[in-house]
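Structural characterization, general
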Amino acid sequence: MVLVEEILDDEEVAPSAGAAKAKSPALRAGFLDKAKDKPLYPAEGSPEGHVSQETHKAHAEHKMNNDIHKGMNRGAQDNNNIDRPAWYTPDWPKDCQYNAPGCVLSELETSGHASELHARMVRDNIRWKESLEPGVKSIRLSFMQATDEDLKEVIERLKGNSDVTELDLSHNHVKDAGVQALVAALAAGAAPNLQELKLYNNEFGDLGQTMLTQGLPVFRKKLQVHWKEPAWAKFTKPAGKDEAVAKEE
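Think of each chain on its own: its residues are numbered from 1, step by step along the sequence as written. Per-residue local features of the predicted model are confined to residues with pLDDT of at least 70, and side-chain atom pairs are confined, for both listing and counting, to 80 or more; whole-chain, interface and lining totals are unaffected and use all residues. Heavy atoms from the whole structure form the basis of all side-chain values; hydrogens and water molecules are not counted.

Further remarks concern the overall build of the protein chain. The secondary structure listing takes helices from DSSP runs of H or I that are at least 4 residues long and strands from runs of E that are at least 2 residues long, numbered from the N terminus. A count of helical and extended segments in the protein chain gives 9 helices and 4 strands. Beginning at the N terminus, the succession of helices and strands in the protein chain can be written as α-α-α-α-β-α-β-α-β-α-β-α-α. In the protein chain, buried positions account for 30% of the 249 residues. Here the contacts in the protein chain between residues at least 6 apart in sequence split such that 69% fall between residues at least 24 apart. Using a 1.4 Å probe, accessible areas were evaluated by the Shrake-Rupley method; residue-level cover was limited to the displayed protein chains. Carbon and sulfur atoms make up 54% of the accessible area of the protein chain, which amounts to about 18,100 Å² in all. Three labels apply to residues, based on accessible area from a 1.4 Å probe with only protein chains included: buried if under 20% of the type maximum, exposed if over 50%, partly exposed otherwise in between. The contact criterion used throughout is that any non-hydrogen atoms of two residues lie within 4.5 Å.

Encoded structure:
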């Protein structure tokens, strides 16, 4: 706020209680115009207005990060006040806008069992039960006909589990929704000592692959994720009929 007071000549200055003391100089009309000839501050500016290089750098980095975030999340502000669908989670994609690249409006593909009998055949299996026992370090559930529906039990066992170091879910029926649930749990700290995750030969698509190759490594840098079947596994498969006949000939 700028205070403007009436400028009086020396003779017009009203006497006050401190008139006996030294008078403070009166403001003269046009003194600001005269200040143009003699700047108030030197060329380098006032010391109070100096900004360090570290501050400039911090501001530049902050702006760059904001620009990158906006570029990756180019949707409407607040999603045009549209409520998120029930399947959406803030873990992946990371609070992205629905019309931004990489975000989909349709529900993620998921898998389940045709009947309760099929589900029991998986979860009542001895190998399934033994693999999920407390203290097990290697959870090996490959070739179990497991679906996204079964992953819920696996994820619950991973929470707070510091024993497990290997999780093998290869050769099953895991789809994008199952991958999302698993990635979300691991990103939130489940199985903190997990070193190796095998998910190849499942039924997830490009979105599931992106979650495993780009999303999960951000949160679990030391975790080895095998989403694609290794080359050596192809040589261990049994020969087909044609190949067997050719060898016999």
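As a further point, take the environment of L167. Residue position: L167 is located in strand β2 (residues 166–168). Judged by relative accessible area, which is 0%, L167 ranks as buried. Note: C-alpha distance between L167 and S138 (29 residues apart in sequence) is 6.1 Å. With sequence-adjacent residues up to four places away left out, L167 is seen in contact with I139, V154, L158, L182, L194, E196, L197 and K198.

Per-residue confidence for the protein chain gives a mean pLDDT of 77; residues scoring 70 or more make up 58%. A residue's pLDDT is simply how confident the predictor is in it, with values from 0 to 100. Here residues 1–14 is a poorly scored stretch, pLDDT under 50, and it has 8 contacts once near neighbours within four places are set aside; other chains count.

We now examine the packing of helix α6 (residues 176–187) against helix α7 (residues 206–219). Between α6 and α7, whose axes approach to 10 Å, the crossing angle comes to 5°. Here α7 runs roughly parallel to α6, going by the angle between their axes. Seen from α6, the contacting residues are D176, V179, Q180, V183, L186 and A187; seen from α7, they are L207, G208, M211, L212, L216 and F219. For the contact of α6 with α7, the class distribution of residues is 9 nonpolar, 2 polar and 1 charged. Axis lines are fitted to C-alpha atoms, over the contacting stretch for helices. Their N-to-C directions set the angle, which ranges from 0 to 180 degrees. To sort the angles, those under 35 degrees are grouped as roughly parallel, those over 145 as roughly antiparallel, those from 65 to 115 as roughly perpendicular, and the leftovers as oblique. Charged residues are taken to be Asp, Glu, Lys and Arg, nonpolar residues to be Ala, Val, Leu, Ile, Met, Phe, Trp, Tyr, Cys and Pro, and polar residues to be all remaining types, Gly included.

Quick look at α6 now. With 12 residues, α6 should cover 16 Å at 1.5 Å per step; its first-to-last C-alpha distance of 16 Å lies within 8% of that length. Among the residues making up α6, those that are buried are D176, A177, G178, V179, Q180, L182, V183, A184, A185 and L186. Buried-residue contacts for α6 involve α5 (148–158), β2, β3 (196–198) and α7. Positive backbone phi, approximately 110°, marks G189, located one or two places after α6. The span you would expect from a helix comes to 1.5 Å times its residue count less one.

Residue types Ala, Val, Leu, Ile, Met, Phe, Trp, Tyr and Cys, when buried and joined through side-chain atoms within 4.5 Å, form a set referred to as a nonpolar core. Ranked by size, the top nonpolar core spans 34 residues in total, and within it L158, L167, L182 and L197 carry the most contacts. Elements represented by at least two residues in this core include exactly α5, α6 and α7. Ranked by residues supplied to this core, first place goes to α6 with 6 residues. Not counting residues within four places of it along the chain, the set of residues in contact with L158 comprises I139, V164, L167, L182, A190 and A191.

In this scheme, strands are said to pair when DSSP sees at least two bridges between them. An order of β1-β2-β3-β4 is seen for the 4 strands of this open sheet, with the pairing classed as parallel. Two strands bound the open sheet, and with one partner strand each, they are β1 (138–140) and β4 (224–226). On average, each strand axis in the sheet is inclined to that of its neighbour by 5°, with strand direction left out of account.

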